[in-house]
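Working through the structure, step by step
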Amino acid sequence: RPVTGVPSRRSPGRSPGGTGTKGRAINAEPAVELRSTDPAWPSVTAVIPTRNRPELLRQAIDAVLGQDYPGALAVIVVVDQPDPDTALPSFPDRPVRVIENSRSPGLAGARNTGTLAASSDLIAFCDDDDVWLAGKLVAQVAALRRHPDAAISTTAIEVDFEGRRSVRRVGS
C-alpha cells in the first residue's frame, strides 16, 4: 500500500508519456555504484526526465542535491532530445549522470530508461519542472521505513501557476 510524505512544488508544463532499452550515457560520468553513508538509510537515485528546459532542470537538480538525506543520493537526468546540456551541477558524494532516453519518447520512456540505469535501493521521480521542498526525501523514506510492507510512497504537490499556489493531494 502507498504511504505519503511531504509535497514537491510544480511549475506548469508536462511531457507526454511513452514506453519502450537502457539509456546510453552521454557525458563522461561513469555508472556509480551507490553505497549508503548511513546503513539505516537506503541509497536513492532521483530520476529526472527532461526535454528542452535547461533552467527548470537546473532548479530541479539543485532541489534534489540540496536534500538533507543522510543516505547515498544520486541523480540520473534522462534527456529526451538531441544536443543535451551536460554541464550540470553535481557534488562529489552526490553524482549527476546524464543519459539519453533510448526507450519510447516522452515522460514514461525517460522514467523507464532512468530506472533501468539506476543501481540504488530506491528510485525517486522528479520531473524537470518540479522542485522538491526541503525534507521531502527524508519524510518519504522514513514513511517507507515505518511501513516496510509498503511498495511505494507518494506525496501531494503544490502547484505554482501565475503567482497562485494550490495543494493537490493524492486521492483528492
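Our next topic: the packing of aromatic side chains. Applying the stated criterion to the full structure yields one aromatic pair. The interplanar angle of 85° and the centroid separation of 5.5 Å between the aromatic rings of W41 and Y69 together place this pair among those described as edge-to-face. Note that W41 is positioned in the loop between β3 (24–25) and β4 (44–50) and Y69 in the loop between α1 (54–65) and β5 (73–79), a separation of 28 residues in sequence. Exposure remark for W41: the relative accessible area of 14% places this residue in the buried category.

The final tally for this structure, using the stated rule, is four salt bridges. For D128, the salt bridge identified is with R53, shortest N-O distance 2.5 Å. With D128 in the loop between β7 (122–125) and β8 (130–132) and R53 in the loop between β4 and α1, the pair connects residues that are 75 residues apart, well separated along the chain. Via salt bridges that share partners, E158, D160 and R165 belong to a single interconnected network.

A separate point is the environment of N52. Structurally, the position occupied by N52 is in the loop between β4 and α1. Here N52 falls in the exposed class, since its relative accessible area comes to 52%. In the structure, N52 is positioned 29 residues away from Q81 in sequence and 7.1 Å away in space, judged by C-alpha atoms.

Attention shifts here to the confidence of the model for the protein chain. Per-residue confidence for the protein chain gives a mean pLDDT of 78; residues scoring 70 or more make up 70%. pLDDT under 50 marks residues 1–32. Its contacts with residues more than four places away, or in other chains, come to 122 contacts.

With seven of seven residues buried, β5 lies mostly within the body of the structure. Side chains of β5 alternate between two faces, with L73, V75, V77 and V79 and A74, I76 and V78 buried alike. In this region the chain leaves β4, passes through α1 and returns to the parallel neighbour β5; the handedness of that crossover is right-handed. When β5 meets strand β6 (residues 96–100), the two strands line up parallel, connected through five bridges. Bridge pairing in β6 links V79 to E100.

Assignment of secondary structure puts P95 in the loop between β5 and β6. Overall, the relative accessible area of 9% leaves P95 in the buried class. The sequence separation of P95 and A74 amounts to 21 residues, and the corresponding C-alpha distance is 5.1 Å.

About the thresholds
Residues numbered from 1 in each chain as written. Predicted model: local features only at pLDDT ≥ 70, side-chain atom pairs only at ≥ 80, totals over all residues. Heavy atoms only, no water. Phe/Tyr/Trp six-rings, centres within 6.5 Å; stacked < 30°, edge-to-face > 60°. Helix = DSSP H or I, 4+ residues; strand = E, 2+ residues; numbered from the N terminus. Buried < 20%, exposed > 50% of the residue type's maximum accessible area, 1.4 Å probe, protein only. Salt bridge = Lys/Arg side-chain N within 4 Å of Asp/Glu carboxyl O. pLDDT = per-residue confidence, 0-100. Contact = heavy atoms within 4.5 Å. Right-handed = clockwise from strand over helix to strand, strands pointing away. Pairing = 2+ DSSP bridges.

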